[in-house]
Amino acid sequence: MVEIVLDDEFCPSGQTTAQDLARMQSEKARNLSEREKAAEALTPYVQTKASGEQSIDLMISGAHCAGCMAKIEREISALEGILLARMNLSTMRLNVQWRGGPDKAGAIVARLEDLGYGAKPFNMELDPLVQRDQATSLLKAMAVAGAATALIMTMSVGIWDGSEMSKVTRQTMHWISAAIAIPTVAYSGQPFFRSAWGALKNKMTNMDVPISLAVLLAVALSIYETIHGNPHAYFDAAVMLLFLLLIGRFLDMRLRQKTGESAQRLAAMQASTASLIKEDGSVMSVPASMIKPGDALLVAAGERIPVDGEIIKGSSDIDTSIATGETLPRAANIGDKLYSGMINLSAPLTIKALAVSGDSFLSEISRLVEAGEQKKSKFVRIADKAARLYVPVVHTLAALTFVGWMLYSGDLRTASLNAIAVLIITCPCALGLAVPAVQVVASGRLFKKGVLIKSGDALERLAKVDTIVFDKTGTLTLGSLQLSNLGDISKDALETAALLSRASRHPVARAVAAAAGSGPVADNIKEVAGQGVEANISGKLVKFGAASYVGGISAETGGQTNAQTESWIRIGRAAPVCFKFKDTPRMDAKTTITDLRKHGYNVELLTGDKKSIARQTAQLLGIDTWQAEVSPTDKLARLDELKSQGHLTLMIGDGINDAPALASAYASASPAGAADVSRAAADVILQGDKLSGVITAVNTAKDAQKRVVENLSLAVLYNMIAVPIAVLGFVNPMIAALAMSGSSMLVTLNALRLKFH
Amino acid sequence: MTSLIYLVPLAIAICIVGLLAFFWTVKSGQYEDPQGDAARMLYSEDKPIVDEDDL
């Protein structure tokens, strides 16, 4: 599992690193002052220790191997005044401590960026300390139970053989076992006792009720037998039961912890910086998470809107695709509401931050998301389903055994001994491991392929899905425009358009710049919001933008086309040239959808974008069922309709408008670049630019489900063999120990097969 | 059988020592970065080992 790479310069995912590097360098070149602003915003995250040392935790992106870790630690340590730079390769967190002012944080991040890594401050308040404490205490409980099992088992083997053991020696051994087992059960059994007590208090049962009962009864019975000098004691079984079950618990906990950390890392990497306008008019950079409702913020052209807000000054074009799914920018004026994640394209704006409750659209979205999540919480995990069946059956069996033996032998001790033996041997050891073992292996496999599963039950739900609903913009497509009629444009026109475009972040301009490649930028470019750009190039006025803005377009050169949008360039008095643009699907969108259909999934498209665009995309990708111009509520309605037809849907989307659908769908997925609400609502996060993660996710989920069912069958099979033996009174401590460890091993090994699939 | 008189207490003592050692490794955060630690030991840096708790 651990890849060790000794060579500094070699990185197993070198390609990604190179891309990251290129992206970062271009971003750096675009705006150096952004870096200064980012540095200023780091200051609130710097912690000052009592001894005067400064410390910051940074999330690192782009580091993939031990070589990167060593490089980062070495280079950062080499900076002046740094006391310690230590990177955690498992969580991708870098802790740096230094002496001096807190402003040094900026220099550290700058150095990291020069090295080709992204770094964002980590908000320590988000750290799931409770979860980590829980994992630690489970680990300790597991260790205690393991050690006690080893000790008691060593003595038990002697007792089982017993041929040369006198009664006194045997009783002494039992007493020693009791002295070890009682404190162990009291310590290691707590997670189960607490959960069982909680369930009983609410007049419910869960898997922990029979577990607690079996452990406590086994210990009580063994103490009774020891006091009376009888040959059999079940101390070993009680402690081993705890040990094996704690392994399952711990695996489950680790899985949740790991995915929680990754989701958090994604959120931290996307955290943005806002330019706060202070009361005296000066502008200060602060982390977006520290903005309060009512704060005035400055959003420069090309910047992402850091928090939800309302425009109070200026007008500009806004890329709203993250909220509405529309590819084309929209003009926004004073009073318009903007949502975090939208991009301000053409002119600086001043916005006033809004509270979520103060806005109808966002509060509606969060209300719908909550409703959806509530619906989802009704989902019953397969292990709990098994427990619901299991608990009454086992307890009835034990009761029947007791009654049967009372009638048969009339001896209270024999009857209770056999009834307790039934409880011990049917105790869901294998059942407790059956599910978590599989889910840990499966999500580990997915994790390596860049698919992040948020919880174990997400895997279960994913496996049952039969219909997949895609959002268009940002999910099936990249969400950015591309020049579609490159062949019709003269090289001269393209190069001139590129001169005007390279400095702008408007989607059209970026498409032109991408088509033309890198090159020079024209001077004195004038940008007219919602219209276009113009500049003077070698004495001629060049205009690039909407038809009405450029002018001089005759009927025959214009006309309706199937392009999503078009822009015109006019050099001097010459005839304008038309540029057509389209939002193109992700590279592997078509193959992914073909593959999914081949596997028998119904594929649908639901988008907030215009009908003509949706139709084109659907045709191109071979999707038969599609709906366009749907609102978030419409998306929900369509999902409900599918549900009422008996379909289980997987919703894949990225925009704010998809969040309610993601929350209420049977299962859901988001690309890593999705809006915060959507990413939080989704069960699965697809990292990287590819859609094929969907296929990997559903296939792995299906494999995992198959293993879970196999494991549960194995556990049932084991019980079918063991129960008659117990009911008939043939169980002794040795058989109980063998049966328990044997079935647990079998289940774990079966789960591990998934790894080599 | 007389050997049990010291062998059993010895076994228990060894077990307790092992357990305490394990508790210490948990407390000192040795399981927090298994990947990084596996790789880190292969890079020899000529610097004194710094105990994280002291910082």
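What counts as what
- Residues numbered from 1 in each chain as written.
- Chains lettered and ligands numbered in written order.
- Predicted model: local features only at pLDDT ≥ 70, side-chain atom pairs only at ≥ 80, totals over all residues.
- Heavy atoms only, no water.
- pLDDT = per-residue confidence, 0-100.
- Contact = heavy atoms within 4.5 Å.
- Salt bridge = Lys/Arg side-chain N within 4 Å of Asp/Glu carboxyl O.
- Helix = DSSP H or I, 4+ residues; strand = E, 2+ residues; numbered from the N terminus.
- Buried < 20%, exposed > 50% of the residue type's maximum accessible area, 1.4 Å probe, protein only.
- Pairing = 2+ DSSP bridges.
- Axes fitted to C-alpha atoms, helices over the stretch in contact; angles between N-to-C directions.

Right, let's get into the confidence of the model for chain A. Residues and elements named next belong to chain A. Counting all residues, the mean pLDDT for chain A is 81, and 89% of those residues have values of 70 or more. In this model, residues 1–19 is a region of pLDDT below 50 whose contacts with residues beyond four sequence positions or in other chains number 30 contacts. When the criterion is pLDDT under 50, residues 555–561 qualifies, and its contacts beyond four places in sequence or with other chains add up to 6 contacts.

It is worth spelling out the pattern of salt bridges at this point. Residue and element names in this part refer to chain A. Under the counting rule described, the total for this entry stands at 19 salt bridges over all chains. For the salt bridge of Asp-57 with Arg-93, the shortest nitrogen-to-oxygen distance reads 3.6 Å. You can see Asp-57 sitting in strand E2 (residues 53–61) and its partner Arg-93 sitting in strand E4 (residues 93–99), a full 36 residues away along the chain. Owing to a relative accessible area of 13%, Arg-93 belongs among the buried residues under this scheme. Arg-461 serves as the salt-bridge partner of Asp-457, at 3.1 Å between the closest nitrogen and oxygen. Linking Asp-457 with Arg-461, this pair stays in helix H15 (residues 456–464), spanning 4 residues, or about one helical turn. Neither Asp-457 nor Arg-461 differs from the other in exposure class; each is buried. Overlapping salt bridges bring together Asp-457, Arg-461 and Asp-683 as one network.

The next point concerns the sheet that holds strand E25 (residues 649–652) of chain A. Residue and element names in this part refer to chain A. Reading across from one edge, E15-E27-E26-E25-E16-E23-E24 is the order of the 7 strands in this open sheet, with mixed pairing throughout. The sheet is open, and its two borders are formed by strand E15 (451–453) and strand E24 (625–627), each paired with just one other strand. Across the sheet, the axes of successive neighbouring strands diverge by a mean angle of 20°, strand direction being ignored. Note that E15 and strand E27 (residues 684–686) share 3 bridges and pair antiparallel. Each bridged residue has a counterpart across the sheet, and for Leu-452 the counterpart in E27 is Ile-685. With respect to the sheet, helix H21 (residues 611–621) is in contact with strand E23 (602–606) and E24, its orientation differing from that of E24 by roughly 160°. Sitting on the sheet, helix H25 (residues 693–727) is in contact with E15, E25 and E27, with an inclination near 150° to E25.

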